[in-house]
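A closer look at the structure
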Amino acid sequence: MTWQTAYQSAQGCVSWQGEHACEGDELNGFLQESVAARLNDTEGGEAFNKYLRGLSLTGMGQGALEEVLAAEVPETRDWAAGEALAEAVLEAHHDVVLPWNTERDKRNPFASLPGADIVGFQRDGGTHRLALGEVKCSSEAKSPPQVMSGRSGGLTHQIDNLASNLGTICQLLKWLLPRVKQTALEPAFNAACTRFFNSELRDLALFGILVRDQEARESDLQARGQQLANRLQAPASCRLIALYLPWPIAQLPQAISRGGAA
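Chains are numbered independently. Their residues run from 1 in the order of the written sequence. Residue-level local features of this predicted model are given only where pLDDT is at least 70; pairs of side-chain atoms are given and counted only at 80 or more, and the full residue set underlies all totals for whole chains, interfaces and linings. In computing side-chain properties, one takes all heavy atoms of the structure into account and sets aside hydrogens as well as water.

1. A look at the overall build of the chain
Across its full length, the chain carries nine helices and seven strands. Throughout, the radius of gyration refers to the C-alpha atoms, and the reference size of a globule is 2.2 Å times the residue count to the power 0.38. Relative to a compact globule of 262 residues, whose C-alpha radius of gyration would be 18 Å, the chain shows 19 Å and is just as compact. Overall size of the chain, expressed as C-alpha extent along the three principal axes, is 65 × 45 × 35 Å. Accessible area is worked out with a 1.4 Å probe on protein chains only. A residue is then buried under 20% of its type maximum, exposed over 50%, and partly exposed in between. Burial status across the chain gives 44% buried among its 262 residues. By sequence separation, contacts in the chain at least 24 residues apart represent 71% of the contacts at least 6 residues apart. Within the chain, one finds 23 positive and 31 negative side-chain charges whose respective centroids are separated by 7 Å. Labels follow the DSSP assignment, with helices taken as runs of H or I lasting at least four residues and strands as runs of E lasting at least two, numbered in each case from the N terminus. Here a residue-residue contact requires only that any non-hydrogen atoms of the pair lie within 4.5 Å. Under the convention used here, Asp and Glu are negative, Lys and Arg are positive, and both His and the chain ends fall outside the count. Think of each charge as sitting on NZ of Lys, CZ of Arg, CG of Asp or CD of Glu.

Here you go:
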């Protein structure tokens, strides 16, 4: 198995678990395929290249186009690789559907985008509900690491904000609608919004993903999970997941491109 559960607990509508990555061919394949596709937006890139190559260009124009396509800047930042890993894990193991790759929203290849890291839907029986989340990476030896706390940038605060800040939720829905309208996922958007509005603004799935390269310790998540459990109410659900890597986070982009960090 790619992931082995190190710990798992729950309180109220909040659960937390630690998953340790098991080195081997299965993990390498997952990194090179699912994670790389998220990090590099393989689907969007292929569609973009195909469209431009379909233009009526002269021989000189074709050469210029290939120069532009070859100049694309690959994503090598470890935090971006961590987000891609988290997205791939949610899609593969937690019934999360992410209809849009935010790599397409960048106007500068070195920029980071504001807003929630995870915006999509979670399959729930025969319907869908909103799925929102945040991703943090930390190599800090301290447990829990500092990225879990803080009044503005801490994971706990950000999850709480996604659950309660109506301005944030409105902006995320406004961003999501044009990306699913007139697609196969428009019914999922409609169902998720209907559930959310009809539940007194509580029916949504929240995720907090912590990518670590330290020993698996439940103290990374436990206190923050209990804190969130005192604030969130069903039918909301919140899942905190720590993903423990077998090598330093700084090597994650290399591991994705090569299928391993060796």
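2. What about helix 6 (residues 166–180)?
Given a helix with a known number of residues, its expected span is that number minus one, times 1.5 Å. With 15 residues, helix 6 extends 21 Å between its outermost C-alpha atoms, agreeing within 8% with the 21 Å of an ideal straight helix rising 1.5 Å per residue. Listing the buried residues of helix 6 in full gives Ile169, Leu172, Leu173, Leu176 and Val180. Considered in projection along helix 6, the buried side chains sweep an arc of 105 degrees and stay on one side of the axis. Exposed residues pointing more than 90 degrees away from the buried face of helix 6 are listed as Lys174 and Pro178. Looking at the packing, one finds that the buried side of helix 6 touches strand 4 (118–124), strand 5 (127–138), helix 5 (155–164) and helix 7 (186–197). N or O atoms closer than or at 3.5 Å make up a polar contact, with two conditions inside protein: a donor-capable atom paired with an acceptor-capable one, and, for residues adjacent in sequence, both atoms drawn from side chains. The opening residue of helix 6 is Asn165, an N-cap whose side-chain oxygen sits 3.0 Å from the backbone nitrogen of Gly167. Looking at the residues trailing helix 6, positive phi occurs at Gln182, about 60 degrees. The directions considered for the arc are those from the helix axis to the C-beta atoms.

3. Here we look at the pairing of strand 4
Along strand 4, five of the seven residues are buried, which leaves the element largely enclosed by surrounding structure. In this sheet, strand 4 lies alongside strand 3 (residues 96–97) in antiparallel orientation, the contact comprising two bridges. Note that in strand 4 the partner of Val97 across the bridge is Phe121. The pairing criterion is simple: DSSP has to find at least two bridges between the two strands. Both strand 4 and strand 5 contribute to a ladder of seven bridges, which runs antiparallel. If you follow Phe121 over to strand 5, its bridge partner there is Leu130.

4. A short note on the pairing of strand 5
Here strand 5 lies mainly inside the structure; 10 of its 12 residues are buried. Where strand 4 hands over to strand 5, the hairpin turn is made up of two residues, of which Gly125 adopts a positive phi near 70 degrees.

5. Some words on the nonpolar core
Nonpolar cores were defined as sets of buried Ala, Val, Leu, Ile, Met, Phe, Trp, Tyr and Cys residues, with membership established by side-chain atoms within 4.5 Å. Core analysis: the largest hydrophobic core is formed by 36 residues, its most contacted members being Val14, Phe121, Leu206, Leu221, Leu232 and Cys238. Not counting residues up to four positions away in its chain, the partners in contact with Leu206 are Leu132, Ile159, Leu162, Ala163, Leu232, Ser237, Cys238 and Arg239. Judged by nonpolar contacts, the second largest core, of 33 residues, contains Trp3, Leu39, Ala131 and Phe207.

6. Describing the pattern of salt bridges
Where charged atoms of side chains with opposite charge meet at close range, the side chains can pair. Here a salt bridge means any side-chain nitrogen of Lys or Arg lying within 4 Å of a carboxyl oxygen belonging to Asp or Glu. In the structure shown here, the tally under the stated rule is 14 salt bridges. For Glu75, the salt bridge identified is with Lys106, shortest N-O distance 2.9 Å. With Glu75 in the loop between helix 3 (59–70) and helix 4 (78–93) and Lys106 in the loop between strand 3 and strand 4, this residue pair connects regions lying 31 residues apart in the sequence. As far as burial versus exposure is concerned, Glu75 and Lys106 are alike and both buried. Linked through salt bridges whose partners overlap, the residues forming this network are Glu75, Arg77, Glu103 and Lys106.

7. Re the environment of Ile249
Inspection of the secondary structure puts Ile249 in the loop between strand 7 (237–244) and helix 9 (252–258). Each C-alpha atom of the pair Ile249 and His128 lies 33 Å from the other, and the pair is 121 residues apart in sequence. Look past the residues within four positions of Ile249 in its chain and what remains in contact with it is Asp78, Cys137, Ser138, Ser139, Val211, Arg212 and Asp213.

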